[in-house]
Amino acid sequence: MKPCGTVTKSTAGLASLGGGLLAGLILALPAQAAEDQIVIGTASSTGVYHITGQAFCRLLEGPCHARPSEGSVANLRDIRRGEVPIALAQSDQQYYAVEGREGFADAGPDDTLRALFSVHSEPFTLVVRRESGIQGFDDLEQRAVNIGNPGSGQRATMLQLMAARGWTLDNFALVNELPADQQSLELCHGNIDAMVYTVGHPDLSIRQAVDLCNAAVVGVEGDFVASLVDEAPYYSLAEIPAGLYYDDQPEVQTFGVRATVVASEATDPDQVYTLVAAVFDNFERFTDFHPAYAVLEPERMIKDGLSAPLHEGALRYYRERGWIEEASNGEDKDAAEEAETNAATD
């Protein structure tokens, strides 16, 4: 299986990125009618999902609000209930929602879920206190670990990995369920030995743990990881580049998913079209918002990690660009060949 693309862009501007984006991209316009505002469900206010939602709003230049949430699972449930029109979700959770599996088994398959495009790769990241002696996933047994809050993608991925390893929560000495924006301080206070995060890199909360208490990023490898990747179409091997967070950080081997943008079938096609056009018409500007976007390619974004059918509004834009053609019987041709031959030349 081909490894995920990972970030290679310099992180020298990470501190200014966090300050500038998190403080400066507050784009909700309360004077506008609520029905005219595009609301995008994100995740923790310190994570890359929220930065991505804010970047979308910046490109839209209209009434738009990037709304923090509990994460991927919560976003997909909110989409299904009509509580948010557009949201971000991990590719594995999108697949589970479409199929009615795992955390969506009780609700059943969501045949109203629609995909817009995928964004950055999200390696599953294990961060530990250096003095803990943890060198890999197996060393987490009988340790205090934060697995993520209910409703988060990181928790869902962690539970999948634990199942592949044959573990339950009883394998840990202590299980915390803190959201991503709180786990770094918990690690640095010594209340947990390790935290996990499925996230695009570089990430501000991981940087916080490294800067405050010299935390380390370690690999997640083994036969159980390889089996999980082989069996799941939404996972792939991934790596975190050497030196990304500290000088002696080695290249870290792990696995991961992709961040995807989803909506309900009922979401206004004009809103979806407007968002998709804002991203791809201003693609170079979009990729400048965060180093995790540096390796993105439009021809891959309209197909990689997408299990749900494309939304009507997204299809309209992709047809106009010639990235997807409509077959004579009214069905869309597969995006792969069309995108690779057309998007790269636009």
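Since we're looking at a predicted model, the values are computed, not measured.

What counts as what
Residues numbered from 1 in each chain as written. Predicted model: local features only at pLDDT ≥ 70, side-chain atom pairs only at ≥ 80, totals over all residues. Heavy atoms only, no water. Salt bridge = Lys/Arg side-chain N within 4 Å of Asp/Glu carboxyl O. Helix = DSSP H or I, 4+ residues; strand = E, 2+ residues; numbered from the N terminus. Buried < 20%, exposed > 50% of the residue type's maximum accessible area, 1.4 Å probe, protein only. Disulfide = S-S within 2.5 Å. Pairing = 2+ DSSP bridges. pLDDT = per-residue confidence, 0-100. Contact = heavy atoms within 4.5 Å.

**Describing the pattern of salt bridges**
If you walk through the whole model with that rule in mind, you get 15 salt bridges. Two residues, Asp78 and Arg81, come together in a salt bridge whose shortest N-O distance is 2.8 Å. Here the residue Asp78 and the residue Arg81 both occupy positions in helix 3 (residues 72-81), the gap between them amounting to 3 residues, near one helical turn. Residue Asp78 is classed as buried on the basis of its relative accessible area, which comes to 10%. Salt-bridge contacts for Arg316 lead to Asp270; the nearest nitrogen and oxygen are separated by 3.0 Å. Here Arg316 is found in helix 12 (residues 312-321), whereas its partner Asp270 is found in helix 9 (residues 269-281), with 46 residues between them in sequence. Given a relative accessible area of 46%, Asp270 falls into the partly exposed group.

**A word on unusual backbone geometry**
Negative phi characterises most residues that are not glycine, and trans characterises most peptide bonds. Residue Pro202 is bonded to the preceding His201 through a cis peptide linkage, with omega at 0°. As for its position among the elements, Pro202 is in the loop between strand 7 (194-198) and helix 7 (204-213). Even without a glycine there, the phi angle at Glu102 is positive, about 50°. By secondary structure assignment, the location of Glu102 is in the loop between helix 4 (91-99) and strand 4 (113-128). A positive phi angle is found at Gln142, which is not glycine, with a value near 60°. With respect to the secondary-structure elements, Gln142 resides in the loop between strand 4 and strand 5 (144-146). Gln142 gets classed as partly exposed once you look at its relative accessible area, which sits at 48%.

**Details of the state of the cysteines**
What the rule picks out here adds up to 2 disulfides. Here Cys57 is linked by a disulfide to Cys64, with a sulfur-sulfur distance of 1.9 Å. An S-S torsion of about -65° defines the bridge between Cys57 and Cys64 as left-handed. Between the sulfur atoms of Cys188 and its disulfide mate Cys213 the distance is 2.1 Å. Here the S-S torsion is close to -65°, and the disulfide linking Cys188 with Cys213 is therefore left-handed.

**What to know about the pairing of strand 3 (residues 86-90)**
Of all 5 residues that make up strand 3, 5 are buried, and the element is covered over most of its length. With burial as the criterion, each face of strand 3 is covered, one bearing Ile86, Leu88 and Gln90 and the other bearing Ala87 and Ala89. In terms of strand pairing, strand 1 (residues 38-41) meets strand 3 through 2 bridges, oriented parallel. Counted as the bridge partner of Gly41 is Ala87 from strand 3.

**Digging into the confidence of the model for the chain**
Per-residue pLDDT for the chain has a mean of 87; in total, 84% of the residues score no lower than 70. Scored below 50 in pLDDT, residues 333-346 makes 27 contacts in the model with residues more than four places away or belonging to other chains.

**Observations concerning the pairing of strand 10 (residues 252-264)**
Here strand 10 lies mainly inside the structure; 12 of its 13 residues are buried. In terms of strand pairing, strand 3 meets strand 10 through 5 bridges, oriented antiparallel. Following the sheet pairing, Gln90 is matched in strand 10 by Ala259. Pairing of strand 4 with strand 10, which is carried by 8 bridges, proceeds in the antiparallel orientation. Across the sheet, the residue bridging to Leu113 is Ser264, located in strand 10. Inspection of the sheet shows strand 9 (residues 236-240) paired to strand 10 by 5 bridges, in the antiparallel sense. Following the sheet pairing, Ile240 is matched in strand 10 by Val252.

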